[in-house]
Amino acid sequence: MKILVIRFSSFGDVLLTSPVLKKIKEVYPDSEIDFLVYDSFSEAVTDNPNLNNIHIFSKKKSKDFDYINKLISELKEKKYDYVIDLHSKLLSGYIGKKLKTNYIKYQKRKWWKTILVKLRLIRYKADLPIVKQYFRPLKKLNIIYENEKTEFFFNLSIEDNLNKKYNLNEEYLILAPGASKNTKKWVYFSELAALLEKKLNMKIYVIGGKEDFGVVKESENIIDLCGKLTFKESGVLLKHAVFSVTNDSGPFHISVGVDTKTFVIFGSTDSGMFIFGENEILLSSNQNCSPCSLHGDDECPKKHFNCMKLLLPEQVFEVIKEKINENTGN
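Parameters and conventions
Counting starts from 1 at the beginning of each chain's written sequence and moves along it residue by residue. Since the coordinates come from a predicted model, pLDDT governs what is reported: local features require at least 70, and pairs of side-chain atoms require 80 or more to be given and counted, while whole-chain, interface and lining totals use all residues. In computing side-chain values, all of the structure's heavy atoms are included and hydrogens and water are not. Only strands joined by at least two bridges in the DSSP assignment are considered to pair. In DSSP terms, a helix is any run of H or I states spanning at least four residues, a strand is any run of E spanning at least two, and both are numbered starting from the N terminus. To get an axis, fit a line to the C-alpha atoms, keeping to the stretch in contact for a helix; angles then go from 0 to 180 degrees between the N-to-C directions. Here, residues are in contact when the closest pair of their heavy atoms is within 4.5 Å. Distance and chemistry together define a polar contact, namely a pair of N or O atoms within 3.5 Å, with one atom able to donate a hydrogen and the other to accept it when in protein, and with adjacent residues in sequence counting only for side-chain atoms on both sides.

K.L.:
Requested: an account of the sheet that holds strand β1 (residues 2-6), with residues and values cited.
P.N.:
Sheet architecture is open: five strands sit in the order β3-β2-β1-β4-β5, paired in parallel fashion. With one partner strand each, in any of the chains shown, β3 (53-57) and β5 (102-105) form the two edges of the open sheet. Direction aside, the axes of adjacent strands within the sheet are offset by 20° on average. Bridge analysis of strand β2 (residues 32-38) against β3 gives five bridges, and the strand direction is parallel. Residue pairing in the sheet places F35 in a bridge with I54 of β3. Along the sheet, helix α2 (residues 18-27) contacts β1, β2 and β4 (82-85); its crossing angle with β2, the most-contacted strand, is approximately 165°.

Below, the structure written as structure tokens:
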């Protein structure tokens, strides 16, 4: 059986397809599974051993119908038995249906709920965690949800190269202060970094995009690598870290995908989109007005931003200290 899975974006949502890909391969071990993804998020699925081919779609050409129809012609030659649309938008639906084969798509949140959230008439609450939503339409293929285990893969040569630059055997921690929207960004990462540097005898690496460079003040033991690493290289550093502190962002999902203890901060978005294991610790100020958006906003709709401002660095540090001491038996 030949299967095409479509999920264009974003990085975390693409990475969250990994439990689905693994389960398809378990149920149909002889199947060929291909993946269609935007170029900017392809690192979320490259090196995944459950995939045969990855088709890269140029995000800049997502409205170029000549480009789209040429891609469809190329995909038709693959003669897929099933298209599994885990993006469920106009573009993915157009491509999936044009391939004229068995088309399966997952159901997103109800349209009226999206409108009411955007109008600020209701708070956003996920109907189901994202991974469970991905699995729902696959029951007709006898593919059933079992767990939330995401996996992030990288080539071992990347690990070797990074080990030459940074001592991966040395104890260190990771801070990831960035996110796709401003209201998903905790405001005290620099203050937390200073606390961690003072209290813990560890090096601190700060990772993220180039726009995150300078958010955390550098020092002798705090090294800012924002904009200097690929997603894969960030994954390697996260894999060997003692723990990470992130927002609701790509590094959160990567950290979970490499089995690193992860402290994740939620404010404007709903933590109910994910199921947390023992290795993931949710941090929130638990405001009555949050979660207030589907994917975050440019600014707080109520202008006070209490969901992030009222979660203080000292509080986060105390949770970190408690969880680290639990592991060491202190």
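K.L.:
Residues and numbers for the side chain of D34, please.
P.N.:
Among the structural elements, D34 can be located in strand β2. A distance of 2.5 Å separates polar atoms of two side chains, one belonging to D34 and the other to Y80. Setting aside residues up to four positions removed in sequence, D34 forms contacts with I3, L4, V5, L51, N52, N53, H55 and Y80.

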